[in-house]
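Remarks on the overall topology
Each chain, written out:
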Amino acid sequence: MTDLPVWLQAGGWGLLAGGALVLGALVAWFVAVPQRVVAGVMAFGAGVLISALAFDLVDEAERTGGLGPTVVGFLGGALAYVAANIALARRGARHRKRSQDQQASEEDQEGSGAAIAVGALLDGVPESVVLGVSLLGGSGVGVPVLAAIFISNLPEGLSSAAGMKRSGRSARYVFGVWGGIAAASGLAGLLGALLLDGAPATTTAVITAVAAGAILAMVADTMIPEAFEDTHLYAGLLATLGFIVAFSIERL
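What counts, and where the lines are drawn
- Residues numbered from 1 in each chain as written.
- Predicted model: local features only at pLDDT ≥ 70, side-chain atom pairs only at ≥ 80, totals over all residues.
- Heavy atoms only, no water.
- UniProt positions renumbered as here; feature names shortened; annotations may be inferred.
- Core = buried A, V, L, I, M, F, W, Y, C linked by side-chain atoms within 4.5 Å.
- Buried < 20%, exposed > 50% of the residue type's maximum accessible area, 1.4 Å probe, protein only.
- Helix = DSSP H or I, 4+ residues; strand = E, 2+ residues; numbered from the N terminus.
- Patch = residues over 30% accessible without salt bridge, like charges linked within 9 Å, V, L, I, M, F, W, Y side chains within 5 Å.
- Areas by Shrake-Rupley, 256 points an atom, 1.4 Å probe, with all protein chains shown as cover.
- Salt bridge = Lys/Arg side-chain N within 4 Å of Asp/Glu carboxyl O.
- Phe/Tyr/Trp six-rings, centres within 6.5 Å; stacked < 30°, edge-to-face > 60°.
- Lys NZ or Arg CZ within 6 Å of the ring centre and 35° of its normal.

Per an unreviewed UniProt entry, the protein chain goes by ZIP family zinc transporter and derives from Nocardioides oceani. According to its UniProt record, the protein chain has this under Subcellular location (unreviewed entry): "Membrane".

1. Regarding the nonpolar core
One broad trend across soluble globular proteins is that nonpolar side chains are buried collectively. If you look at the biggest cluster of nonpolar residues, it comprises 28 residues, and the most contacted ones within it are Leu 49, Leu 57, Ile 149, Ile 215, Met 218, Val 219 and Met 223. At the level of secondary structure, the elements contributing two or more residues to this core comprise helix H2 (35-65), helix H3 (67-93), helix H4 (112-134), helix H5 (143-166), helix H7 (201-231) and helix H8 (235-251). A per-element tally of this core places H7 first, with 9 residues. Ranked by size, the runner-up nonpolar core spans 15 residues in total, among them Ala 25, Trp 29, Ala 161 and Met 164.

2. A look at a nonpolar patch on the surface
The grouping of Val 143, Leu 233, Tyr 234, Leu 237, Leu 241, Ile 244, Val 245 and Ile 249 at the surface amounts to a nonpolar patch, some 790 Å² of accessible area in total. The biggest single contributor to the nonpolar patch is H8, with 5 residues.

3. Details of the pattern of salt bridges
Across all of its chains, the model carries 2 salt bridges by this definition. One salt bridge connects Arg 63 with Asp 59, and the closest N-O pair in it is separated by 3.2 Å. Remark: Asp 59 and Arg 63 occur in helix H2; sequence separation between them is 4 residues, near one turn of the helix. Given a relative accessible area of 53%, Arg 63 falls into the exposed group. Owing to a relative accessible area of 33%, Asp 59 belongs among the partly exposed residues under this scheme. In this structure, the salt-bridge partner of Glu 60 is Arg 63, at a minimum N-O distance of 2.5 Å. With Glu 60 and Arg 63 both in helix H2, this residue pair falls 3 residues apart, about one helical turn. Residue classification places Glu 60 among the partly exposed residues on the basis of a relative accessible area of 34%.

4. Looking at the UniProt feature "transmembrane region" (unreviewed entry) in the protein chain
The sites that UniProt annotates as "transmembrane region" (unreviewed entry) are residues 6-30, 37-55, 67-88, 173-195, 201-220 and 232-249. Helix makes up 100% of residues 6-30 and strand 0%. Its end C-alpha atoms lie 36 Å apart. Its end C-alpha atoms 32 Å apart, residues 67-88 is made of 100% helix and 0% strand.

5. Topic: the packing of aromatic side chains
In this structure the tally under the stated criterion is 3 aromatic pairs. Look at Phe 55 and Phe 243: their rings are 5.7 Å apart centre to centre, the planes differ by 70°, and that puts the pair in the edge-to-face class. A residue pair is termed long-range when its members are at least 10 positions apart, and Phe 55 in helix H2 and Phe 243 in helix H8 qualify at 188 residues. A residue is classified by how much of its surface remains accessible, and Phe 55, at 27% relative accessible area, is partly exposed. Look at Phe 243 and you get partly exposed, because its relative accessible area is 28%. Over the face of the ring belonging to Trp 29 we find Lys 165, whose NZ or CZ atom lies 5.0 Å from the ring centre. In this structure, Arg 169 packs its charged tip against the face of Tyr 173, placed 5.2 Å from the ring centre.

Take a look at the structure:
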């Protein structure tokens, strides 16, 4: 893949990371995974993402663009995500990552299917953008960030698809959503690298910080509630394990 243009590499890595969502959905559709296992992996994935945010994305943004732009971008990304998430929650997407009976069906709330699909897109795009940006330094894809996104996407797809199945969604809907999100992840990575190639360091830092802020808000709003649902006192330990594994990958 290293002989390909950077923007094409970014698209490929984004598609790979997004493909973990499809893999998780496939597992959930054909295998009855115990809820505690789903919640435990979700807690681990949340820790992995938080570590990648702290030691890769936000740190890199601050070093290249300065503290001020990083803070503004980070808070702006979180605010934008929360605002969009509130709007989608009112349309039936509040529990889109929940694996039990919390998700709204189309009978419960008309239009919830579309809201859930848009919500899944909202959750996945910022992660892929930072993958594309990570390639612009010329040293290849950021392995810790790629690992964090892939590891966290697997339980996200698994948990959400299990909830979709329970709420009566069809296989066409479930795999259409996750296949579409995987493709959109590839496109987001491609555009992130293509549009920001040659951009000023401050601009790249702000975009990275915006994505990081959105990702952290997503972890707190959608992943941690599902992780805590069944693991309770163990959620913190599993998140800590995820954090230190991702930190070790970054250092090695």
